[in-house]
Amino acid sequence: MPILVTGGAGYIGSHTCVELLNAGYEIIVLDNLLNSKRESLNRISEITGKSFPFYKINLLNEGEIEQVFIENDIEAVIHFAGLKAVGESVRLPLRYYHNNITGTINLLNIMKKYDVNRLVFSSSATVYGMPEKVPISEEFPLKALNPYGRTKLMIEEILKDLFESDPNWSIALLRYFNPIGAHESGTIGEDPNGIPNNLMPFITQVAIGKMPELSVFGNDYQTADGTGVRDYIHVTDLAKGHLKALEKVASSQEIEAYNLGTGKGYSVLEMVEAFEVATGVPVPYKVVSPRPGDAAICFADASKAKRELQWTAEKSLRDMCEDSWRWQYNNPNGFDKNLIATGTGNPHLSKSGDFFNTKIE
Ligand code: WQD
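Residues numbered from 1 in each chain as written. Predicted model: local features only at pLDDT ≥ 70, side-chain atom pairs only at ≥ 80, totals over all residues. Heavy atoms only, no water.

## Things to note about the side chain of Glu39
To be explicit about the condition: Secondary structure follows DSSP: runs of H or I at least 4 residues long count as helices, runs of E at least 2 residues long count as strands, and numbering of each begins at the N terminus. The classification of residues rests on relative accessible area computed with a 1.4 Å probe and restricted to protein chains. Under 20% of the type maximum is buried, over 50% is exposed, and intermediate values are partly exposed. For the purposes of these results, a polar contact is taken to be a pair of N or O atoms within 3.5 Å, where, inside protein, one atom must be able to donate a hydrogen and its partner to accept one; residues adjacent in sequence count only when each atom of the pair is a side-chain atom. Contacts are assigned to residue pairs that have any heavy atoms within 4.5 Å of one another.
Here Glu39 lies in helix H2 (residues 39-48). When its relative accessible area of 15% is taken as the criterion, Glu39 is described as buried. Side chain to side chain, Glu39 and Asn42 meet in a polar contact 2.9 Å long. Setting aside chain neighbours within four positions, we find Glu39 in contact with Glu46 and Phe335.

Encoded structure:
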């Protein structure tokens, strides 16, 4: 029976689809393609050699969600779909609450109606707010500091109440730290809309020449070199964590939160240096004022996921930098353009045609 992956065309969703297909799962992808590209679905099929149904629908349309459940006997759901830009959420809170929370409630209503009660939810370390100490464990107090983070926290609370009302549910809440990197093939990766908010896509755009220099947001934090420290985790390690969580919800009836991080923190300047060493490409930067709301240090205690999911992150910082660069170098304009560069740097037209059956346009 297939796994429904909402937001499966997105950054973490697409990498998880690759790991699911490689592990022998059948999948169905649901995505509104608002913050992702159809091309990423082609690339998933290119990497795995497998096709899968895709439904281009919006979770705000409960009827369209139901159609997916009518047409498919779904085993479980991995729910990525949602808006995720912190700054945008501050400017457009109602859009974030409506899209992320109403969309999730619509999905849960249909899951309940069709007796699908196994769920892996894409949450975020942002639910910890400004941690008082590190490493951060799942028992820490939860206090999101922006509307995006509050949607994640509210959905976690909704899922806890749902489980209290009906213990037949089995739910894993996965709290990601800082996902970076790309599939080792260099054919899928992070493809932010407009100017990147996050560090690594900004670094790779400086390296490829799309941005003149990196702005380092502050160097007066209480850290070794004064710049912010984060727990960067390879997106493929993160994807594999979802498969472990899927196994867990298939074999239990509980609701549990898990930190998905490496347990190690690196500063902004350490990331710049690691990228330059791994790729040989310089990353010019300037120090500017701190970004409001940024924590000084944030990294995970990932021991619960190791203990209960038998999962730990395996890829190195060098892997993260090399794989980020290979994706950016092969795809200077992300998925957007129909030109992809071969390893020799000679662009050629991407393959045409769909590698998957489109169920609903
Ligand atoms: C990392 C470090 C910045 C950009 C965010 C979201 C969080 C989650 C992960 C969704 C910080 C510094 C960054 C730049 C910089 N997303 N930085 N110059 O803020 O830890 O987390 O992404 O769940 O919700 O908040 O990640 O990559 O933005 O920043 O100096 O141009 O890099 O100050 O120290 P962050 P980030």
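## Considerations on the site of the ligand
Put simply, the rule reads: Residue proximity to a molecule or strand is established when one non-hydrogen atom of the residue lies within 4 Å of it. Accessibility throughout is a Shrake-Rupley quantity obtained with a 1.4 Å probe, and a residue counts as covered only by protein chains that appear here. Throughout this entry, Asp, Glu, Lys and Arg are counted as charged residues, while Ala, Val, Leu, Ile, Met, Phe, Trp, Tyr, Cys and Pro are counted as nonpolar. The remaining residues, Gly among them, count as polar.
In the vicinity of the ligand lie 18 residues, with Tyr148, Leu199, Arg230, Arg291 and Asp294 positioned nearest. In this structure, Asn198 approaches the ligand through a side-chain N or O atom, which is 3.0 Å from an oxygen atom. Take Arg291: an N or O atom from its side chain is 2.8 Å from an oxygen atom of the ligand. Within the complex, the protein chains bury 88% of what would otherwise be the 680 Å² of accessible surface of the ligand. By residue number, the principal contributor to the shell around the ligand is strand E8 (residues 214-217), which donates 4 residues. Considering only residue class, the shell around the ligand consists of 8 nonpolar, 7 polar and 3 charged.

## Re the environment of Ser251
Mapping Ser251 onto the fold places it in the loop between helix H8 (235-250) and strand E11 (255-260). For the pair Ser251 and Gly334, spaced 83 residues apart in the sequence, the C-alpha separation amounts to 38 Å. A polar side-chain atom of Ser251 sits 3.0 Å from the main-chain carbonyl oxygen of Glu247.

## Notes on the layout of surface pockets
Worth spelling out the cut-off: In this analysis the probe radius is 1.4 Å and the grid spacing 1 Å, with only protein atoms considered; a cavity is a set of points the probe fits into but cannot get out of, a pocket is an open set with protein on both sides within 12 Å along at least five of seven lines, and lining residues have an atom within 4 Å of a point. Grid points are joined across faces, edges and corners, and a volume is the space filled by probe spheres set on the points.
As a volume, the second largest pocket reaches approximately 260 Å³. Lining of the second largest pocket is provided by 23 residues; of these, Glu190, Asp191, Pro192, Gln205 and Gln328 occupy positions nearest its centre. Looking at which element gives the most residues to the lining of the second largest pocket, the answer is helix H7 (residues 199-207), with 4 residues. Class assignment of the residues belonging to the lining of the second largest pocket gives a composition of 7 nonpolar, 10 polar and 6 charged.

## Notes on the pattern of salt bridges
Cut-off, in case you're wondering: Whenever Lys or Arg places a side-chain nitrogen within 4 Å of a carboxyl oxygen from Asp or Glu, that contact is recorded as a salt bridge.
Scanning the entire structure with this criterion turns up 15 salt bridges. Glu156 serves as the salt-bridge partner of Arg175, at 2.6 Å between the closest nitrogen and oxygen. In this pair, Arg175 sits in strand E6 (residues 170-176) while Glu156 sits in helix H6 (residues 147-165), placing the two residues 19 residues apart along the sequence. The residues Arg175 and Glu156 share a single accessibility class, namely buried. Between Arg318 and Glu322 there is a salt bridge, with the nearest N and O atoms lying 2.8 Å from each other. Of this pair, Arg318 and Glu322 both sit in helix H11 (residues 317-330), 4 residues apart, roughly one helical turn.

## Re unusual backbone geometry
With omega at 0°, the peptide bond leading from Val134 into Pro135 counts as cis. Locating Pro135 in the fold gives a position in the loop between strand E5 (118-124) and H6. At Asp115, a residue that is not glycine, the phi angle is positive and equals roughly 55°. Residue Asp115 is classed as exposed on the basis of its relative accessible area, which comes to 62%. Although it is not a glycine, Gln310 sits at a positive phi angle of roughly 55°. When you line up the elements, Gln310 lands in the loop between helix H10 (303-309) and H11. Relative accessible area serves as the criterion here: at 55%, Gln310 is assigned to the exposed category.

## Some details on the sheet that holds strand E12 (residues 266-267)
To keep things clear, this is the line we draw: If DSSP finds at least two bridges between two strands, the strands pair.
The strand order across the open sheet built from 3 strands is E12-E9-E14, with neighbouring strands paired in mixed fashion. Among the strands making up the open sheet, the edge pair consists of E12 and strand E14 (297-298). With 2 bridges connecting them, strand E9 (residues 229-230) and E12 associate as antiparallel partners. When the bridges of E12 are listed, Val229 appears paired with Ser267.

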